[in-house]
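Secondary and tertiary structure notes
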Amino acid sequence: MRTLIFFVSVIMLSGCSVSHYLKRELKNSTVLGQQHSGVSIQNLSGKKELAAYQSDKYYNPASNTKLFSYYAGLCALGDSIPGLEYLEWGELLIIRGTGDPSLLHPDLPDSKVFEFLKSRKEPIFFTPHNFENKRFGPGWAWDDYNDYYQTEVSPLPVYGNIARFSANESPVESAAEDASPGKAAQPFQVAPAFWSKAMVLDTTASGIEREESQNLFHHSKLGVPQGLMQDVPVHMTNAVTIQLLSDTLKREIKLINIPLEIELRKVNSIPSDSLYKRMMQVSDNMLAEQLMLLYASANGLPLNTEKAIAHAIEHHMSDFPDKPIWKDGSGLSRYNLFTPRTITALLQKIYQKVPQEKLFQILPAGGKTGTLSNQFKAESPFVFAKTGSFSNNYCLSGYIITKKGKTFVFSFMNNNFIRPSGEIRKEVERILTGLHQKF
């Protein structure tokens, strides 16, 4: 009995110590004073918080939203991504997208869907009838359409729905490859080459600037500085999808907008973990948005983010401490609102589904990989977490290993600050590093 009381006392003391440390550091912080901050810290599989500071208040999570999309994917998808659905109808092949973003994506493994389409001899028709989304999510900034992080959502993405511009190694090589009668050579190249005919020289342009409503890319004489690369979102329409596919496959793909109400056959594309890892490591918004469409497809829903989120909350996330106000897959939306204690509850669920070794390879590792490569530097990583940031917001949620070998689940959310975001990141790093060292 005394032994039991001793261990209970140790656990309670540990929890109080973490709580005392957190509240002291937040109270004494000269950086976090004029903003909104919330923190939740739990033991692994713990039902109660070891430490909390305004953890029941709602904050905009930015890209911490991707943790919710990741868990939705874990609940709906297997080891491979369903890349395409199809119907063999007489002598025709009718295909439709599942939301899979991997077809010809420049930063993902080769998709088996491409080889499948290349191998088919019959006429191919693409139907987008199952797609119910708009190109942008709710609460997205309309004037970010040219920025790499705001790629349009589509039922069957091709080439990641971007045009990738990079400087040529030699202007001479560029002239030899790109020059044509009456047209000056460009000092850069674009992938896919399909977009090379959509370039407009514009001395007022800074880098590459796409017209808002069409795929005309304005560029300065330099275009892209040597050694750099610029990804520009393509304005994706059904016509653009089949044009890109037709150009790459060297055969005509036609559009047919019909429902397919019968059971369809599927082609898997890439391993699921390769999508999850890329999404988490570089905080890829496009992959997160398309992942929620994949979730919808896997659950027999139209490709509709709102319906996918509602389904995921009802079937997999109804037991959170606070209901998520969840509007998109990536966290670009200013309408998203989560509480820190709900995020730590989510992290507990993720940990139960994914072995630690795999999970810590998928998440950015402090001082080593992804968006945390320049923070929490140490001989061995001790923070494995998802960052989330845009103007005036910085959040960090994940797992921290202490020097005593404990693993804590944490969510540290910061909104509405006016200081440079670098100062907030450093302060969050300081407080969490102290947690690592002391416990």
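The rules behind these values
- Residues numbered from 1 in each chain as written.
- Predicted model: local features only at pLDDT ≥ 70, side-chain atom pairs only at ≥ 80, totals over all residues.
- Heavy atoms only, no water.
- Patch = residues over 30% accessible without salt bridge, like charges linked within 9 Å, V, L, I, M, F, W, Y side chains within 5 Å.
- Areas by Shrake-Rupley, 256 points an atom, 1.4 Å probe, with all protein chains shown as cover.
- Salt bridge = Lys/Arg side-chain N within 4 Å of Asp/Glu carboxyl O.
- Helix = DSSP H or I, 4+ residues; strand = E, 2+ residues; numbered from the N terminus.
- Pairing = 2+ DSSP bridges.
- Axes fitted to C-alpha atoms, helices over the stretch in contact; angles between N-to-C directions.
- Contact = heavy atoms within 4.5 Å.
- Buried < 20%, exposed > 50% of the residue type's maximum accessible area, 1.4 Å probe, protein only.
- Right-handed = clockwise from strand over helix to strand, strands pointing away.
- Left-handed = near helix turned anticlockwise from the far one by under 90°.
- Nonpolar A, V, L, I, M, F, W, Y, C, P; charged D, E, K, R; others polar.
- Core = buried A, V, L, I, M, F, W, Y, C linked by side-chain atoms within 4.5 Å.
- Expected span 1.5 Å × (residues − 1).

Quick notes on a nonpolar patch on the surface
- A surface patch of nonpolar side chains, about 220 Å² in accessible area, is lined by Tyr58, Ile325 and Leu337.
- Within the secondary structure, Ile325 is located in the loop between α8 (305-316) and α9 (340-353).

Description of the sheet that holds strand β2 (residues 49-53)
- Spatial ordering of the open sheet is given by β2-β1-β16-β15-β14, a layout of five strands whose pairing is antiparallel. On the outer flanks of this sheet lie β2 and β14 (383-390), each paired with one strand and no other. Put simply, the sheet's adjacent strands are angled 5° from each other on average, direction ignored.
- Where β14 lies against strand β15 (residues 393-401), eight bridges are found, and the strand directions are antiparallel. Opposite Phe384, over in β15, you have Tyr399 as the bridge partner.
- Contacts between helix α11 (residues 421-438) and the sheet are confined to β1 (36-43), β15 and β16 (407-415), with β15 contributing the most and set at about 20° to the helix.

A look at the pairing of strand β4 (residues 92-97)
- With five of its six residues buried, β4 lies for the most part within the structure.
- In this structure, strand β3 (residues 80-89) lies alongside β4, joined through six bridges in antiparallel fashion. Paired with Tyr86 across the bridge in β4 is Ile95.
- Following β3, the chain reverses through two residues before pairing antiparallel with β4; Gly90 in that reversal takes a positive phi of roughly 60°.
- Examined bridge by bridge, β4 and strand β5 (residues 124-126) share three bridges and lie parallel to one another. When the sheet's bridge partners are listed, Ile94 is paired in β5 with Phe125.
- With respect to chirality, the unit in which β4 leads through helix α3 (residues 112-119) into the neighbouring parallel β5 is right-handed.

Some points on the sheet that holds strand β12 (residues 253-255)
- An order of β12-β5-β4-β3-β13 is seen for the five strands of this open sheet, with the pairing classed as mixed. Each edge of the sheet is formed by a strand with only one pairing partner; in this case those strands are β12 and β13 (265-271). Across the sheet, the mean angle separating the axes of adjacent strands is 30° when strand polarity is ignored.
- Together, β5 and β12 form the strand contacts of helix α5 (residues 238-249), whose direction differs from that of β12 by roughly 165°.
- Strands in contact with helix α6 (residues 272-281) are β3 and β13; relative to β13, the strand with the most contacts, it is inclined by about 50°.

Thoughts on the packing of helix α2 (residues 65-76) against helix α7 (residues 285-298)
- Two elements in contact, α2 and α7, have axes whose closest approach is 9 Å; the angle formed by their N-to-C orientations is 35°. Read as a crossing pair, α2 and α7 show a hand that is left-handed. Residues Lys66, Ser69, Tyr70, Ala72, Gly73 and Ala76 of α2 form the contact with α7, whose participating residues are Asn285, Ala288, Leu291, Met292, Tyr295 and Ala298.
- Its residues placed into classes, the contact of α2 with α7 shows eight nonpolar, three polar and one charged.

Thoughts on α6
- What α6 keeps buried is the set Ser272, Leu275, Tyr276, Met279, Met280 and Gln281.
- Looking at the buried positions of α6, the neighbouring elements they touch are α2, β3, β13, α7, α10 (356-362) and β14.
- Looking one or two places after α6, you find Ser283, whose phi comes out positive at around 55°.

Some words on the nonpolar core
- In terms of nonpolar packing, the biggest core is built from 47 residues, with Tyr70, Trp326 and Ile350 touching the most fellow members.
- Of all the secondary-structure elements, those providing two or more residues to this core are α2, α6, α7, α8, α9, α10, β15 and β16.
- The element contributing the most residues to this core is α7, with eight residues.
- The contact partners of Ile350, leaving out residues within four places of it in the chain, are Leu67, Tyr70, Tyr71, Leu74, Leu359 and Tyr399.
- Core analysis: the second largest hydrophobic core is formed by 35 residues, Ile124, Ala163, Phe188 and Ile253 among them.

Regarding unusual backbone geometry
- Put simply, Ala191 and Pro192 share a cis peptide bond, and its omega is 0°.
- As for its placement among the helices and strands, Pro192 is situated in the loop between β7 (188-191) and β8 (199-201).
- Phi angles above zero are rare outside glycine, and Leu104 is one such case at about 65°.
- With respect to the helices and strands, Leu104 occurs in the loop between β4 and α3.
- By relative accessible area, Leu104 is classed as partly exposed at 22%.
- At Asn161, a position not held by glycine, the phi torsion is positive, near 60°.

Observations concerning α9
- In a regular helix each residue adds 1.5 Å, so 14 residues correspond to 20 Å; α9 covers 20 Å between its end C-alpha atoms and thus fits that length.
- Where burial is concerned, most of α9 is hidden: ten out of the 14 residues are buried.
- Those residues of α9 not exposed but buried are Pro340, Thr342, Ile343, Thr344, Ala345, Leu346, Leu347, Gln348, Lys349 and Ile350.
- Here the buried face of α9 lies against β1, α2, α8, α10, β15 and β16.

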